[in-house]
Structure formats: C-alpha cells, structure tokens
Amino acid sequence: MEKPILYYWAPCPTCSVLTHFAEEHGIELDKRDVEQEAPYQELLELDGNADLIPYLWDGERLVNGNDECLAYLREKYL
C-alpha cells in the first residue's frame with residue numbers, strides 16, 4: 001500500500017495534530033503543503049477545498065477534516 005497523501009498547510013494547528021499523530025504511530029504520509037501551487041492544484045482536481053484542510057487521499061477516496069482523517073488512520077494503520 002502506498003502511503004496516503006496529506007494535503008495540509010504547515011502553520012495550521014489543526015493539521016499539526018494530524019501530522020503529530022502520524023509521527024507518533026510511525027505512519028508515513030506523503031505531505032503536500034497547499035500553500036505551494038502544485039499541491040494546491042492537485043487538491044482542487046480531487047474536488048477538495050484548500051480552506052477546509054486537512055485532507056487525506058489514499059488513491060481512491062478523499063477524506064476531509066481532522067476527525068475524519070484521524071479515524072481513517074486509526075482504522076487503516078492501528
């Protein structure tokens with residue numbers, strides 16, 4: 001399984017909860033900061049909204065929101 005892509009904004013405190021959770025549990029994420037143009041455009045192409053980060057993309061579905069992303073990581077990796 002490829003690691004999920006995390007669309008986030010580096011200074012976002014909500015996003016940091018998710019990144020710290022992943023680090024604490026050894027979950028590798030492909031982190032893409034939507035402040036950069038390429039990740040921002042990728043997220044838009046997936047029908048995401050950069051104002052509503054974080055998002056996780058697993059290659060099949062886009063998970064939105066901190067609680068939903070944490071639940072997804074718990075279900076898939078713990």
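## Topic: the pairing of strand E1 (residues 5–8)
So, point 1. Going residue by residue along E1, you find Ile 5 and Tyr 7 tucked away on one face and Leu 6 and Tyr 8 tucked away on the opposite face as well.
So, point 2. Taken together, the four bridges between E1 and strand E2 (residues 30–33) define a ladder with parallel strand orientation. The residue of E2 that forms the bridge with Ile 5 is Asp 30.
So, point 3. You can see the chain leave E1, run along helix H1 (residues 13–24) and come back into E2, and the turn it takes is right-handed.
So, point 4. Looking at chain direction, E1 and strand E3 (residues 55–57) are connected through three bridges and run antiparallel. In the strand pairing of E3, Leu 6 is matched with Leu 56.

## So, helix H3 (residues 66–77)
So, point 1. Compared with an ideal rise of 1.5 Å per residue, which puts 12 residues at 16 Å, H3 spans 16 Å between its outermost C-alpha atoms and is within 8% of the ideal.
So, point 2. Along H3, the residues that are buried comprise Asn 66, Cys 69, Leu 70, Tyr 72 and Leu 73. End-on view of H3: buried residues confined to an arc of 160 degrees, all on one side of the axis. Exposed side of H3, more than 90 degrees from the buried face: Asp 67 and Glu 75 are the residues found there.
So, point 3. On its buried side, H3 packs onto H1, E3 and strand E4 (62–64).

## With respect to the nonpolar core
So, point 1. In this structure, Leu 29, Leu 43, Leu 56 and Leu 73 are the most contacted members of the largest nonpolar core, which totals 22 residues.
So, point 2. Residues in contact with Leu 73, not counting those within four places in the same chain, are Leu 18, Phe 21, Ile 27, Leu 29, Leu 56 and Leu 78.

## Some details on the sheet that holds E1
Backbone-to-backbone hydrogen bonds join strands into a sheet, with any given pair of strands oriented parallel or antiparallel.
So, point 1. In space, the four strands of this open sheet follow the order E2-E1-E3-E4, with mixed pairing throughout. Taken across any chain shown, the strands that pair with only one partner, and hence form the sheet edges, are E2 and E4. Looking at each pair of strands side by side, their axes are set apart by 20 degrees on average, direction ignored.

What counts, and where the lines are drawn
- Per-chain numbering applies: the sequence of each chain, read as written, is numbered from 1 onward.
- In view of the model being predicted, local features appear only for residues whose pLDDT reaches at least 70, and side-chain atom pairs are presented and counted only at 80 or more, with totals across whole chains, interfaces and linings using the full set of residues.
- No hydrogens and no water enter the side-chain calculation; it runs on all heavy atoms of the structure.
- Type-normalised accessible area, obtained with a 1.4 Å probe on protein chains alone, sets the label of each residue: buried when under 20%, exposed when over 50%, and partly exposed for intermediate values.
- Strands are runs of DSSP state E lasting at least 2 residues, helices are runs of H or I lasting at least 4, and numbering of each runs from the N terminus.
- Paired strands, as defined in this entry, are two strands with at least two bridges between them according to DSSP.
- Handedness is read with the strands pointing away from the viewer; a crossover is right-handed when the path from the first strand over the helix to the second is clockwise.
- A helix is expected to reach a length of 1.5 Å times the quantity of its residues less one.
- Relevant arc is that of directions from the helix axis to the C-beta atoms, nothing else.
- Throughout, a contact is declared for two residues whenever any of their heavy atoms are within 4.5 Å.
- Nonpolar cores were defined as sets of buried Ala, Val, Leu, Ile, Met, Phe, Trp, Tyr and Cys residues, with membership established by side-chain atoms within 4.5 Å.
- Where helices are involved, their axes are fitted lines through C-alpha atoms of the stretch in contact, as for all axes, and angles between N-to-C directions lie from 0 to 180°.

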